[in-house]
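Examination of the molecular architecture
Here is how the chains run, residue by residue.
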Amino acid sequence: PFTGVVAVDGPSGSGKSTVSRRLAAALGARYLDTGAMYRAVTLAVLRAGVDPSDTDGVLSVLYGVDLQMGTDPAQPGVRLNGESVDRQIRTEQVTGAVSAVSSVPGVRTVMIAQQRAIAATGGIVIEGRDITTVVAPDADVRVLLTASAAARAARRGGETGTNAAEQQRAMRRRDELDSRTSSFLSAADEGVLVLDSTELGIDEVVDQLVHAVHVGA
Ligand code: C5P
């Protein structure tokens with residue numbers, strides 16, 4: 001099996017979660033969804049009744065949070081203080097507040113340290129917004145997954161059942177906020193493989209990445 005690290009970044013709706021999970025399964029590797037970690041902290045903040053823009057309040061919640069990340073690509077899953085919260089972290093409320101929470105520097109410091117600790121033993125595909133640049137800049141393969149705004153909104157709309165125009169607006173807003181914190185809208189440098197999934201099926205993207213891992217690109 002694969003013993004290295006694959007880093008995958010991209011905006012929401014780029015297909016990176018699906019692709020990263022499938023890639024991990026194909027490689028016999030583990031999988032880490034870093035977005036789920038920021039979402040779980042955000043859920044804790046909302047449950048505590050803390051305003052996501054209240055930095056001190058967010059930090060005090062953060063210190064009481066214990067996150068356990070499942071890294072089996074067949075069954076990832078996140079536990080917040082022992083409770084499985086996979087559904088609760090995907091609500092509109094969490095999605096609407098996560099950019100504010102993840103822009104708090106102290107939150108990022110703690111999340112990045114945990115992500116690096118999980119990645120340290122290798123054999124893992126790790127996805128997010130700052131993986132190719134900050135969390136694992138030395139990864140064996142670094143990928144930026146993109147797709148047109150229309151394709152991304154259509155994928156997300158299909159997931160949540162809301163209309164495409166509304167989805168596109170919310171997505172653009174979140175990408176804009178997130179890009180103030182991490183640069184994931186363009187490749188960090190020449191070593192990053194850029195894959196546009198607009199016209200490609202999931203299988204084709206996964207096949208290209210499996211190939212990239214085998215040639216060590
Ligand atoms: O990937 P997903 O859409 O689940 O990520 C949720 C949020 O978590 C992003 O909108 C962003 O605010 C934050 N995030 C981050 N850094 C990462 C992954 C996610 O700031 N590496």
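Residues numbered from 1 in each chain as written. Predicted model: local features only at pLDDT ≥ 70, side-chain atom pairs only at ≥ 80, totals over all residues. Heavy atoms only, no water.

Here is the rule: UniProt positions are given in the numbering used here, feature names are shortened, and annotations may be inferred rather than shown by experiment.
Per an unreviewed UniProt entry, the protein goes by the name Cytidylate kinase and belongs to Fodinicola feengrottensis. According to the UniProt record, the Subcellular location (unreviewed entry) comment for the protein is "Cytoplasm". UniProt, in the comment section headed Sequence similarities (unreviewed entry), describes the protein in these words: "Belongs to the cytidylate kinase family. Type 1 subfamily."

Thoughts on the packing of aromatic side chains
To keep it simple, the criterion reads: Classification of ring pairs rests on two measures: the distance between centres of Phe, Tyr or Trp rings, Trp counted by its six-membered ring, which must be within 6.5 Å, and the angle between planes, read as stacked under 30 degrees, edge-to-face over 60 and tilted in between. The rule for a charge over a ring is simple: NZ of Lys or CZ of Arg within 6 Å of the ring centre, and within 35 degrees of the ring normal.
As enumerated under the stated definition, the model contains zero aromatic pairs in all. Directly above the ring of phenylalanine 184 sits arginine 129, whose terminal nitrogen or CZ lies 5.4 Å from the centroid.

Here we look at the environment of glutamine 93
As a reminder, the rule being used: Starting at the N terminus, helices and strands are each numbered in turn, a helix being any DSSP run of H or I of at least four residues and a strand any DSSP run of E of at least two. Only protein chains enter the calculation, and the probe is 1.4 Å; a residue is then buried if its accessible area is under 20% of its type maximum, exposed if over 50%, and partly exposed in between.
Mapped onto the secondary structure, glutamine 93 falls in helix 4 (residues 92-102). Accessibility expressed as a relative area gives 56% for glutamine 93, which makes it exposed. Spatially, the C-alpha atoms of glutamine 93 and tyrosine 63 are 22 Å apart, while their sequence positions differ by 30 residues.

Points about the site of the ligand
Our working rule: Distances are taken per atom, and a residue is near a molecule or strand as soon as one of its heavy atoms is within 4 Å of it. By the criterion applied in these results, polar contacts are pairs of N or O atoms within 3.5 Å in which, for protein atoms, one can donate a hydrogen and the other can accept it, and in which residues neighboring in sequence qualify only through two side-chain atoms. Values of accessible area rely on a 1.4 Å probe in the Shrake-Rupley scheme; residue burial ignores everything except the protein chains shown. By the convention adopted, Pro, Cys, Tyr, Trp, Phe, Met, Ile, Leu, Val and Ala count as nonpolar, Lys, Arg, Asp and Glu as charged, and the other residues, Gly among them, as polar.
Lining the immediate environment of the ligand, one finds 16 residues, of which Arg39, Arg108, Asp130, Arg174 and Asp178 sit closest. Serine 102 has a polar side-chain atom sitting 2.8 Å from an oxygen atom of the ligand. In isolation the ligand has 460 Å² of accessible area, and contact with the protein removes 97% of it. Of all the secondary structure elements, the ones that give two or more residues to the shell around the ligand are helix 2 (34-47), helix 4 and helix 8 (164-178). In terms of residue count, the dominant contributor to the shell around the ligand is helix 2 (four residues). Here the residues of the shell around the ligand sort into three nonpolar, five polar and eight charged.

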